[in-house]
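Given next are the chains, with one letter for each unit.
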Amino acid sequence: MMSGYLVGDAGELPGVALKAFLLYVTAVVGLRASGRRTLAELSPYDFVAAVAAGAVVGRLPTAPDASYLGGALTLVTILTTHALITRLRLTRLGGRLLEAPPVVLVADGRVLDRHLRRTGMTRADLDALLREHGVTDPGSVHLAVWERRGRLSVLPRDSPD
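Here we summarise the structure given alongside this text. Just so we're clear, the structure is a prediction, and the values are computed from it rather than from any experiment.

Turning our attention to the overall build of the protein chain. Looking only at helices and strands, the protein chain has eight helices and four strands in total. Within the protein chain, counting contacts between residues at least 6 apart in sequence, those at least 24 apart form 53% of the total. Surface accessibility of the protein chain: about 10800 Å² in total, with carbon and sulfur atoms responsible for 63%.

With 14 residues, the main nonpolar core has Leu105, Leu126, Leu130 and Leu152 as its most contacted residues. Going through the elements one at a time, β1 (103–107), α8 (123–132), β3 (141–146) and β4 (152–156) are the ones with two or more residues in this core. Leucine 152 has contacts with Leu105, Leu126, Leu129, Leu130, His133, Ala144, Val145 and Trp146, leaving out every residue within four places of it along the chain. Of all hydrophobic cores here, the second largest spans 10 residues; its members include Val57, Ala63, Leu75 and Leu79.

This part takes up the sheet that holds strand β2 (residues 110–111). Strand order in the open sheet formed by four strands is β2-β1-β3-β4, and the pairing between neighbours is antiparallel. Edge positions in the sheet fall to β2 and β4, since each of these pairs with one other strand and no more. Here β3 runs beside β4; their pairing, made up of five bridges, is antiparallel. Bridging across to β4, tryptophan 146 finds its partner in leucine 152. Along the sheet face, α8 touches β1, β2, β3 and β4 and points at about 65 degrees away from the line of β4.

Criteria and thresholds
- The written sequence of each chain sets the order in which its residues are numbered from 1.
- Under the rules for a predicted model, residues below a pLDDT of 70 receive no local features and side-chain atom pairs below 80 are neither given nor counted, while totals for whole chains, interfaces and linings still include all residues.
- Processing note: side-chain calculations cover all non-hydrogen atoms of the structure and skip hydrogens and water entirely.
- Strands are runs of DSSP state E lasting at least 2 residues, helices are runs of H or I lasting at least 4, and numbering of each runs from the N terminus.
- Only heavy atoms enter the contact rule, under which two residues are in contact if any of them lie within 4.5 Å.
- Method for areas: the Shrake-Rupley scheme with a 1.4 Å probe, in which residue coverage is limited to the protein chains shown.
- In plain words, nonpolar cores are sets of buried Ala, Val, Leu, Ile, Met, Phe, Trp, Tyr and Cys residues tied together by side-chain atoms within 4.5 Å.
- Per-residue accessibility, obtained with a 1.4 Å probe over protein chains only, is compared with the maximum for each type, and a residue is labelled buried under 20%, exposed over 50%, and partly exposed between these values.
- A pair of strands is treated as paired once DSSP finds two or more bridges between them.
- Between N-to-C directions, angles cover 0 to 180 degrees, with each direction set by a line fitted to C-alpha atoms, over the stretch in contact for helices.

Structure below.
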């Protein structure tokens, strides 16, 4: 009784392994075809695509009521939708709808509190991010920009030669 609970139907195990293998290969090929951006810098739509693909690859092999072809179609649909959204963001309207604009947080050494609030960050958050860039005083920063991908770019003030 206990071994059936742990092992399940032993006859199904080769099929589970085959579905897992095929779905993994399908996901790798699909992600590779969609370009490096998918995995390099995750935007919200990149994140959704990665999580959805992982859910399909992780769940379908053990789902007795799901075929490889059904899973592959689901995976290809997710990746195709992701590719379409990725291209849509290249248009003016799509870019405005899908991407947040960069926000200047520090300009000429002055922290822009209103912009900081707009991003949902506190001064302590900004200070921590600046320290990651080796900056301990915002006064030494020419420009700090919260980029579209959720990273801080820091340009130091020109130092006298």
